[in-house]
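Here's the letter readout for the chains.
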Amino acid sequence: MPLRPVHVNIKALDAEAVGGFWARALGWSAYSAGVTTYVGPPGGLVWPHPAAVGIDVVPVPEPKTAVKNRMRLDLATTSTAHRVELVARLRECGATPARVGREPAPWTVLADPEGNEFCVLEPRETYRDTGPIARVVVDSADPRAMARFWGQALDWNRHEVTDDRAALRSAGDTGPYLEFLRTPGVKTVPDRLHLDLLPYRGDDGAAEVARLRTLGATDLDIGQGDVPWTCLTDPEGHEFCVLAH
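Keep in mind that this is a model prediction, so the values were computed, not measured.

Participant: Describe the environment of L243, and please don't skip the residues or the numbers.
Facilitator: Within the fold, L243 resides in the segment after β16 (239-242). Distance from L243 to A105, taken between C-alpha atoms, is 37 Å for residues 138 residues apart in sequence.

Participant: Any details on the nonpolar core? Residues and values, ideally.
Facilitator: One finds W22, L90 and W150 to be the most contacted residues of the largest nonpolar core, which totals 50 residues. At seven residues, the largest contribution of residues to this core is made by helix α1 (residues 15-26). Those residues in contact with L90, other than ones at most four positions away along the chain, are F21, A25, L75, A95, L110, F118 and V120. Judged by nonpolar contacts, the second largest core, of eight residues, contains V109, A134, A167 and Y177.

Participant: Which residues make up the sheet that holds strand β9 (residues 133-140), and what are the values?
Facilitator: Spatially, the eight strands line up as an open sheet ordered β6-β7-β8-β5-β9-β12-β11-β10, and their pairing is mixed. Here the strands that pair on one side only, and so sit at the sheet edges, are β6 (96-97) and β10 (156-161). Bridging between β6 and strand β7 (residues 108-111) involves two bridges; their strand directions are antiparallel. Counted as the bridge partner of P97 is L110 from β7. In the packing of α1 onto the sheet, the strands contacted are β5 (71-75), β8 (117-120) and β9, and the crossing angle to β5 comes to about 35°.

What counts and what doesn't
Residues numbered from 1 in each chain as written. Predicted model: local features only at pLDDT ≥ 70, side-chain atom pairs only at ≥ 80, totals over all residues. Heavy atoms only, no water. Helix = DSSP H or I, 4+ residues; strand = E, 2+ residues; numbered from the N terminus. Core = buried A, V, L, I, M, F, W, Y, C linked by side-chain atoms within 4.5 Å. Buried < 20%, exposed > 50% of the residue type's maximum accessible area, 1.4 Å probe, protein only. Contact = heavy atoms within 4.5 Å. Pairing = 2+ DSSP bridges. Axes fitted to C-alpha atoms, helices over the stretch in contact; angles between N-to-C directions.

Written out as structure tokens, the structure is:
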């Protein structure tokens, strides 16, 4: 069975502080997991969550560069008043204004305390039932090609595929969308955000990694050494990891 996204990995100088920010931003809870901080829906730690895609904040020694991330989170709102309230609350929590593309726009662009860009969207019917994260957005040179790769890599369904946008969502139509948006420029530095994928119990993780290579994934050596996960890049160079149970 294809893989499932279980969380967005965020690199941070201060994993606890960045994890705390995202917990407050989403109305979720932050859980200490050794040196990392996991952020997931309230009510106790459930991993992997059956509906939500969590956030795993991992400490690294290098700060974010000035280059815009090519992956980001977009947050959902239910009304104009909700968007105004959420933006104000995020600013109080440490978010700052940022840019990710064309402005002016009906959404609000911010950055978390370490400069990772994200958007607070205006109310959209498409995202009314996603939870606080409307979509995980990836800048793409060719959304159709990304839909082909990720549509086979994941157990998610393709909802829309055009020259400018490709959208996938879980088979149960729960949680956020994964969207590839045609964006000028090319990837030049490793992103601070990437997806972590997990096989289903009983599936052969090594076989899944081999299958991803046949689809166009490439092995990635970031000095990780002997670890129980596998680091790869998709055909456009976006990093991701396949975890082990």
